[in-house]
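Observations on the model geometry
Residues per chain, in single letters:
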Amino acid sequence: MPKINVLPKEVYSLIAAGEVVERPMSIVKEMIENSIDAGAGHITVEIKNGGTTYIRITDDGCGIAREDVKKVFISHATSKISTGADLDSIATLGFRGEAMASIAAVAKVELLTKADYEDIGTRYEIAGGEEMDCSDAGCPDGTTVVVRDIFFNVPARMKFLKKDVTEGNSVQGIVERIAISNPDISFRFIRDGRQAMITAGNGDLKSTIYSVYGAELSETLVPVEYHYSGMKLTGYVSRPHQSRKSRAMQFFFINGRLVDSRLAKAALEQAYKNLIMVGRFPACVLNIEMDTKLVDVNVHPAKIEVRFVNEKPVFDLIYYGVKTAVEQQDTVKEGKLSDNSISSVYANQVKTHSSKIDFFKKEEKPNQLKFSSASRTTWNLASPKAQLRRELSEAENAKEESKEELVFHKSAGAAEQTDNTIEEIRLSVSNNQNTDKAEPVEVKETADIIIDEKDDVPVFRVIGEAFRTYIIVEIENDLYYIDKHAAHERMNFERLKAEAHISSQLLLTPVAVKLSAEEYSVVTDNIPLLEKCGFAVEDFGNLSVIVRETPSMLDGTDIKDLILEIAEKLLRHKTDIEPDKMDWIFHSTACRSAVKGGDYTSEQERELFVEKLLSMPDIRYCPHGRPVMIKISRYELEKQFGRIQ
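Residues numbered from 1 in each chain as written. Predicted model: local features only at pLDDT ≥ 70, side-chain atom pairs only at ≥ 80, totals over all residues. Heavy atoms only, no water.

1. A short note on the packing of helix α16 (residues 559–572) against helix α17 (residues 578–593)
Cut-off, in case you're wondering: Fitted lines through C-alpha atoms give the axes, limited to the stretch in contact for helices. The angle between two N-to-C directions lies from 0 to 180 degrees. Helical segments are the DSSP runs of H or I of at least four residues, strand segments are the runs of E of at least two, and each set is numbered from the N terminus. Comment on the angle field: the value is read as roughly parallel under 35 degrees, roughly antiparallel over 145, roughly perpendicular from 65 to 115, and oblique elsewhere. Crossing handedness is defined as follows: a turn of the near helix away from the far one that is anticlockwise and smaller than a right angle gives a left-handed crossing, while the clockwise case is right-handed. We call two residues in contact when some of their heavy atoms are within 4.5 Å. Under this grouping Gly is polar, as are all residues other than the nonpolar Ala, Val, Leu, Ile, Met, Phe, Trp, Tyr, Cys and Pro and the charged Asp, Glu, Lys and Arg.
Viewed as axis vectors pointing N to C, α16 and α17 meet at an angle of 150 degrees, and their least axial separation amounts to 9 Å. If you check the angle between α16 and α17, you find them roughly antiparallel. As for how α16 packs across α17, the hand of that crossing is right-handed. For the pair α16 and α17, the contacting residues are D561, L562, E565, I566, K569 and L570 in the first and K581, W584, I585, H587, S588, T589 and R592 in the second. Class assignment for the residues of the contact of α16 with α17 results in five nonpolar, three polar and five charged.

What follows is the structure, given as structure tokens:
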């Protein structure tokens, strides 16, 4: 039977240190938190060789009284708490009393400190847990801690340290994150003799973010301030069209404490649902102020994990706070022209190819546009039959004063302009109003887009359409490029979500769809949900389903492909939340029913479409997160043409 031994101090100190001191970054984090708890207004962090050989942290806090200096390096000695009840409401960043003892157990530490009421300071040295020196020292009020040669007495731990550059980057990262959580403290970070960061400490969070991460991040942010259930959310979040490829720029703080919370990340990303593309992530700097009794920070020695007494209010605080800020303060995406103006690029091309191009030949004047016979056929945009149907439609519209119809003509391509390549699609978009009960929709051969007269629709002029995809609109001193498919898709999506009952149309010929085993299972399990979304789907047996009805806004859509697409989305985004499932179905339905890029639209259709879109200012992104429109300012254009400097 093995004998139970009481471990000597030098052994259990090394074990305890392993939980707190993982790398130089851990040391820097713990000591900065002590400086903040001491009330410091200025903190300087200096490292060499990634912090493996030298770390120095200086603050102007309250300092440490001489009689307490030695207690700093005793395990579980702290000034932050005194009784077990204090653990229920921790307001300081540090409280365990483990950090300095753990650091001293695996490194050589020098402490210089002076309280404001003392005439002379104290210098204390400790290495590997053994006291080396304690003497008088001349130093300013505050505390300076120098840590050298970490893991000098634990060679095995030294092997797990990464390259100096990697360790240095980790240290810089933690200093930056703590700096933005404390904008009222001035931070200075020196790396291998070079100043890498400095903040003003003026209390302005936006200024601090700019100082730390530069304009690349700060210019993408909108402010957040939201109160809910006795809690307060403040900070900044990025605009949806300026999302990022990773979550690296998501920073959450609870009462100023840096935390890593899956709950907070989930609430943030839920607030951006249908606003950013899959695989993209928002950036944020968010601080939650809440009663300390409602959060437990005593979960792990690193103090970065937290638990909430009640998670739902915290989720709702972040979700509604971020969603409100984005909806109220987000703006249309602004396009930027390249630094090289069109004229300069054109001139460079002329200069480069001057031997091949003669712009002064009479037979090839630069202001003339020539079209081949093949290209001229692209201007014949509709067959006589389709043209007649448009004219009849316009005559019908003139008779109705309460509404105007919008007809989109789809063209399969410029080369084939026949009745078979152009088909009329009439798409229904109800008034953008929430009603308790949706009015029944009459299913006709075609459907209507109803334009409400809005006083707040800005004066606009439709200039034209580029590539049969982007409608160009002039509003005051700006040009707007509208992606008609993305805009119409979002309009359809919002209509589907707003309707209490989705109007359906009976298919003349039911469509049987063969599915894989997984697809068949997910579709048959969600038949009631599909009915709510306007589909009448039945189990047809043998891994097949039969579709008898579809939403009325669908016209000419390949039903088989649509059902397969819906099945794939339901499989990929597995969730038990019904609204989430409905959103994925609405995604596919809205996309399939929207006008496509390359489809022909007449001048009248563009006018009505733009008027409807501008009457719905909340529509900025398609359900997949792509921007609906991009703005180019007159200033930007005139700058490129050299009219202004």
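2. Some thoughts on the nonpolar core
Rules: Side-chain atoms within 4.5 Å are what join buried Ala, Val, Leu, Ile, Met, Phe, Trp, Tyr and Cys residues into a set we call a nonpolar core. The buried label applies to any residue whose accessible area, calculated with a 1.4 Å probe on protein chains only, is under 20% of its type's maximum; exposed applies above 50%, and partly exposed to all values in between.
Among the nonpolar cores identified, the biggest contains 55 residues, and I32 and V147 are the most heavily contacted of them. When residues of this core are assigned to their parent elements, the largest contribution, six residues, is made by helix α5 (residues 164–181). If we ignore the near neighbours within four places in the chain, the residues touching I32 are I43, V45, I57, V175, I178 and F187. L263, V295, V306 and F308 belong to the second largest nonpolar core, which has 32 residues in total.

3. Section: helix α3 (residues 99–106)
For α3, the tally of buried residues reaches eight of eight residues, placing the bulk of the element in the interior. Buried residues of α3: A99, M100, A101, S102, I103, A104, A105 and V106, and no others.

4. Describing the pattern of salt bridges
Condition: The salt bridge definition used is simple: a Lys or Arg side-chain nitrogen within 4 Å of an Asp or Glu carboxyl oxygen.
Counting across every chain of the model gives 29 salt bridges. As a salt-bridge pair, K265 and D260 come within 3.1 Å of each other at their nearest N and O atoms. Classification of K265 by relative accessible area gives partly exposed; the value is 25%. One connected set of salt bridges, linked through shared partners, spans E110, R123, E125, D133 and R148.

5. Observations regarding the sheet that holds strand β1 (residues 42–48)
Note the threshold: We treat two strands as partners when DSSP finds at least two bridges between them.
With respect to topology, eight strands assemble into an open sheet ordered β5-β4-β3-β6-β2-β1-β7-β8, the strand pairing being mixed. Looking at strand neighbours, the two that pair on one side only are β5 (130–137) and β8 (194–198), the edges of this open sheet. For this sheet, the mean angle separating the axes of adjacent strands, direction not counted, is 10 degrees. Pairing geometry for strand β7 (residues 186–191) and β8, over four bridges, is antiparallel. Residue pairing across strands places F189 opposite M197, the latter belonging to β8. Against the sheet, helix α2 (residues 24–37) makes contact with β1, β2 (54–59), β6 (142–148) and β7, and its axis sits at roughly 10 degrees relative to β2, the strand it touches most.

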